[in-house]
Amino acid sequence: MVKTQFYTIRIALIVALGGFLMGFDASVISGVVKFIEPEFSLTKLQLGWSVASLTLTATLAMMVSGPLSDRFGRRKVLQWAAVLFAVSALGSAISPDFLSLVIARMIGGFGVGASLILAPMYIAEIAPPRMRGRLVSFNQLNIVIGISVAFFTNYMILKLAALDTDWAIILGFEKWNWRWMLGLELLPALLYFVGLFFVPKSPRWLVMKGQTDQAIMIMNQFTDVNDAKKQINDAVKSIHEEKGKEKVKLTEFFKPAYRLVLVIGIVIAILQQITGINSVFFYAPMIFEQSGIGTDASFIQAILVGLTNLAFTVLAILFIDKLGRKPLLVGGLIGIALCMGLLTYGFGKATYQLTDDKMAMLPEGLDRERIAPMADVIYADDVSFKQALRNNLGESVALAYESEAITAAISMNSALILIGILGFVASFAISIGPVMWVLFSELFPINIKGAAISFVGFINSLISYLVQQFFPWQLDTFGSSVTFLIYGVFAAVGVVFVIWVVPETKNKSLEELEALLVKKKG
């Protein structure tokens, strides 16, 4: 038994490396945006597109990866995803222009979408029931670890770029810093591709293809003979029953009977993203630089974001069955609203002034004569200060020196911003981040569950894309204070919705929940 458990854990960890790649690929761009914006002379919407383009193709991949895996196998499609991750990493690292970079990122997005769907699916299909919950959570945990590692490697490359040793100069860490950040993903992608050769085919997929004997042999590697035969026989029976059923059409769950459960699903799907979590994961160094702490410190604080996310995700896994879904949601959303209020206050109280002493802090390459009209002028917000920079220096020069100018000019409590961001990430990670997917698995009746989860998952991805796409534009147009206020208002509205509308699903059977949420005829 110990041998089979060890083997099962090893296989699950290999497959869950797809989650690590997804988290890494999604968050590594946070350290890149600072460098590609001036290098490619990007507008704020183009900068958002460089980040959000991955999510767009990931959403498409989520829609097609399931059917592709039914035809070619889970393992085979995951290997294709590993190849896409590798191609994306290499293509991003050597991109000669903005278009090439976006195309490379979009290629990686297909790998992200496929691994997001198929890695937990495969693990659920090979795991014995008593271990399934913990093993499937490996994938979510690996996503969070991937996010943390991306923040860390971005910072390490910055430190290597500052070295004046021969080997660091030859490898071009200073010249090609953002290219190294993106290219590092090639190593785990290749490791994932090779590792999947040691992963057996999914027993359930073999049953779908009529290879029952081979499915039992493979399942026996994960559990004892009798349990293996029982699980495969149950799979055969389930597949035969599914073939006899009429497929649920997309219009089915728009009927009045499902109105309440559909509203809950859609609102929670929107709420998870519209409170701004991916603006932090994808733009963490940019946010911290707005508080005037400088580039190095902003990358260090981004690492703290990753570690906080990891710690509180683990706590959510530990407490979700003890405390319940609704208390975690309410507490987390209140925390998000309060932290966004703290960020709104912190950035709202900031002022910007370039005194003579602060002028001396600016880089030597910056033309002092051109910036002289800004001397001793007090700017009440970041928008007016950055606009003055552009008026005096021109768009491209202002972008290149914006971070250093803000660091020199700003007067604010930067510790308040760090507390607000870390509090926000902690509140998200212990509540609506992981709880949403648990709710979705429990709320929808079995006859519409597959179609309903696909639909609300698509909405969730769409909102995620919009947040990533427009966050740089929001900061530039409305300023940091107003942007975080908007997120805080959404969270506050979410608290009211959850308290009044969302039921507690803990310790309730799926039949009890269906009776509570679905309006029966007659």
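Preceding block: the structure.
Residues numbered from 1 in each chain as written. Predicted model: local features only at pLDDT ≥ 70, side-chain atom pairs only at ≥ 80, totals over all residues. Heavy atoms only, no water.

**Quick notes on the overall build of the chain**
Turning to step 1, where the next piece is worked out: Summing up its helical and strand segments, the chain has 25 helices and 3 strands in all.
Turning to step 2, where the next piece is worked out: In terms of C-alpha radius of gyration, the chain reaches 25 Å, essentially the compact-globule figure of 24 Å for 522 residues.
Turning to step 3, where the next piece is worked out: For the chain, the spread of C-alpha atoms along the three principal axes comes to 80 × 60 × 40 Å.
Turning to step 4, where the next piece is worked out: Long-range pairs, those at least 24 residues apart, make up 81% of the contacts in the chain between residues at least 6 apart in sequence.
Turning to step 5, where the next piece is worked out: In the form shown here, the chain has an accessible surface area of approximately 22700 Å², with 66% of it arising from carbon and sulfur atoms.
Turning to step 6, where the next piece is worked out: Across the chain, the centroid of the 42 positively charged side chains sits 14 Å from that of the 38 negatively charged ones. (Helix = DSSP H or I, 4+ residues; strand = E, 2+ residues; numbered from the N terminus. Rg over C-alpha atoms; globule rule 2.2 N^0.38 Å. Contact = heavy atoms within 4.5 Å. Areas by Shrake-Rupley, 256 points an atom, 1.4 Å probe, with all protein chains shown as cover. Lys, Arg positive; Asp, Glu negative; His and termini not counted. Charge placed at Lys NZ, Arg CZ, Asp CG, Glu CD.)

**Some points on the side chain of N142**
Turning to step 1, where the next piece is worked out: For N142, the position within the fold is in helix α6 (residues 129–161).
Turning to step 2, where the next piece is worked out: Its relative accessible area of 13% is what places N142 among the buried residues.
Turning to step 3, where the next piece is worked out: In terms of polar contacts, N142 uses its side chain to reach the backbone carbonyl oxygen of A16, at 2.8 Å. (Buried < 20%, exposed > 50% of the residue type's maximum accessible area, 1.4 Å probe, protein only. Polar contact = N/O pair within 3.5 Å; in protein donor to acceptor, adjacent residues only side chain to side chain.)

**A few points about the packing of helix α16 (residues 325–348) against helix α21 (residues 414–429)**
Turning to step 1, where the next piece is worked out: Packing of α16 against α21 brings their axes to within 8 Å, and their N-to-C directions diverge by 160 degrees. Relative to α21, the element α16 is oriented roughly antiparallel. Here the hand of the crossing between α16 and α21 comes out left-handed. In this structure, α16 contributes G332, G335, I336, C339, M340, L342, L343, Y345, G346 and F347 to the contact, and α21 contributes L416, I417, I419, G420, I421, G423, F424, S427 and F428.
Turning to step 2, where the next piece is worked out: Among the residues making up the contact of α16 with α21, the classes are represented as 13 nonpolar, 6 polar and no charged. (Axes fitted to C-alpha atoms, helices over the stretch in contact; angles between N-to-C directions. Parallel < 35°, antiparallel > 145°, perpendicular 65-115°, else oblique. Left-handed = near helix turned anticlockwise from the far one by under 90°. Nonpolar A, V, L, I, M, F, W, Y, C, P; charged D, E, K, R; others polar.)

**Overview of the environment of S298**
Turning to step 1, where the next piece is worked out: Among the structural elements, S298 can be located in helix α15 (residues 295–323).
Turning to step 2, where the next piece is worked out: Note: C-alpha distance between S298 and L439 (141 residues apart in sequence) is 35 Å.

**Points about the sheet that holds strand β1 (residues 351–353)**
Turning to step 1, where the next piece is worked out: On the basis of which strands lie adjacent, the open sheet formed by 3 strands has the order β2-β1-β3 and antiparallel pairing. Of all strands in the sheet, those with a lone pairing partner are β2 (378–379) and β3 (410–411), marking the two edges.
Turning to step 2, where the next piece is worked out: In terms of strand pairing, β1 meets β3 through 2 bridges, oriented antiparallel. By the bridge assignment for β3, T351 is matched with S411. (Pairing = 2+ DSSP bridges.)

**Details of the packing of helix α3 (residues 44–72) against helix α14 (residues 277–290)**
Turning to step 1, where the next piece is worked out: Between α3 and α14, the shortest axis-to-axis distance is 11 Å and the interhelical angle comes to 140 degrees. Overall, the two elements α3 and α14 adopt an arrangement that is oblique. Contacts from L47, G48 and V51 of α3 reach α14 at F282, Y283 and M286.
Turning to step 2, where the next piece is worked out: Its residues placed into classes, the contact of α3 with α14 shows 5 nonpolar, 1 polar and no charged.

**Side note on the packing of aromatic side chains**
Two descriptors summarise a pair of aromatic rings, namely the distance from one centre to the other and the angle between the planes of the rings.
Turning to step 1, where the next piece is worked out: Enumeration according to the criterion identifies 16 aromatic pairs in this entry.
Turning to step 2, where the next piece is worked out: When the ring of F173 is compared with that of W180, the centres are 4.9 Å apart and the planes differ by 35 degrees; the resulting orientation is tilted.
Turning to step 3, where the next piece is worked out: Geometrically, the ring pair formed by W473 and F478 is edge-to-face, given 5.4 Å between the ring centres and 80 degrees between the ring planes.
Turning to step 4, where the next piece is worked out: Relative accessible area serves as the criterion here: at 38%, F478 is assigned to the partly exposed category.
Turning to step 5, where the next piece is worked out: Among the aromatic side chains, those forming a connected cluster through ring pairs are Y283, F347, F471, F484 and Y487. (Phe/Tyr/Trp six-rings, centres within 6.5 Å; stacked < 30°, edge-to-face > 60°.)

**Section: the pattern of salt bridges**
Turning to step 1, where the next piece is worked out: This structure, assessed with the given rule, holds 8 salt bridges.
Turning to step 2, where the next piece is worked out: Across the salt bridge formed by R390 and E395, the nearest N and O atoms sit 3.8 Å from each other.
Turning to step 3, where the next piece is worked out: Residue classification places R390 among the buried positions, given a relative accessible area of 13%.
Turning to step 4, where the next piece is worked out: In this structure, a network of salt bridges that share partners links the residues R390, E395, E402 and D476. (Salt bridge = Lys/Arg side-chain N within 4 Å of Asp/Glu carboxyl O.)

**With respect to helix α4 (residues 74–93)**
Turning to step 1, where the next piece is worked out: Here α4 is 20 residues long and its end C-alpha atoms lie 29 Å apart, about the 28 Å a rise of 1.5 Å per residue gives.
Turning to step 2, where the next piece is worked out: The set of residues buried in α4 consists of R74, V77, L78, Q79, A81, A82, F85, A86, S88, A89, S92 and A93. (Expected span 1.5 Å × (residues − 1).)

**Here we look at the nonpolar core**
Nonpolar side chains in soluble globular proteins generally cluster together in the buried interior.
Turning to step 1, where the next piece is worked out: With 131 residues, the main nonpolar core has V15, V305 and I421 as its most contacted residues.
Turning to step 2, where the next piece is worked out: The greatest single-element share of this core, amounting to 12 residues, is contributed by helix α1 (residues 2–27).
Turning to step 3, where the next piece is worked out: Leaving out residues up to four positions away in the same chain, V15 has contacts with L78, A119, Y122, I123, Y192 and V199.
Turning to step 4, where the next piece is worked out: The next biggest cluster of nonpolar side chains, apart from the first, holds 19 residues, and it includes L354, Y379, F385 and L389. (Core = buried A, V, L, I, M, F, W, Y, C linked by side-chain atoms within 4.5 Å.)

**Quick look at the environment of V456**
Turning to step 1, where the next piece is worked out: Examined against the element boundaries, V456 turns out to sit in helix α23 (residues 449–478).
Turning to step 2, where the next piece is worked out: Its relative accessible area of 0% is what places V456 among the buried residues.

**Observations regarding α3**
Turning to step 1, where the next piece is worked out: In this model, α3 (29 residues) spans 41 Å end to end at C-alpha, consistent with the 42 Å of a helix rising 1.5 Å per residue.
Turning to step 2, where the next piece is worked out: V51 marks where α3 bends most, by close to 45 degrees. (Bend = angle between axes of the 7 residues up to and from the residue.)

**Examining unusual backbone geometry**
Turning to step 1, where the next piece is worked out: A positive phi angle is found at S41, which is not glycine, with a value near 50 degrees.
Turning to step 2, where the next piece is worked out: Relative to the helices and strands, S41 resides in the loop between α2 (33–39) and α3.
Turning to step 3, where the next piece is worked out: Positive phi, normally seen in glycine, also occurs at D376, with a value near 65 degrees.
Turning to step 4, where the next piece is worked out: Following the sequence through the fold, D376 ends up in the loop between α18 (368–371) and β2.
Turning to step 5, where the next piece is worked out: Of the residues examined, D376 reaches a relative accessible area of 46% and is grouped as partly exposed.

**Focus on the environment of N392**
Turning to step 1, where the next piece is worked out: Mapped onto the elements of the fold, N392 is located in helix α19 (residues 382–393).
Turning to step 2, where the next piece is worked out: On the basis of relative accessibility, which here comes to 21%, the residue N392 falls in the partly exposed class.
Turning to step 3, where the next piece is worked out: Sequence separation between N392 and V199 is 193 residues; the distance between their C-alpha atoms is 60 Å.
Turning to step 4, where the next piece is worked out: Once you skip the residues sitting within four places of it in the chain, N392 turns out to touch R370, P373 and M374.

The values reported here are purely geometric and, on their own, carry no functional implication.
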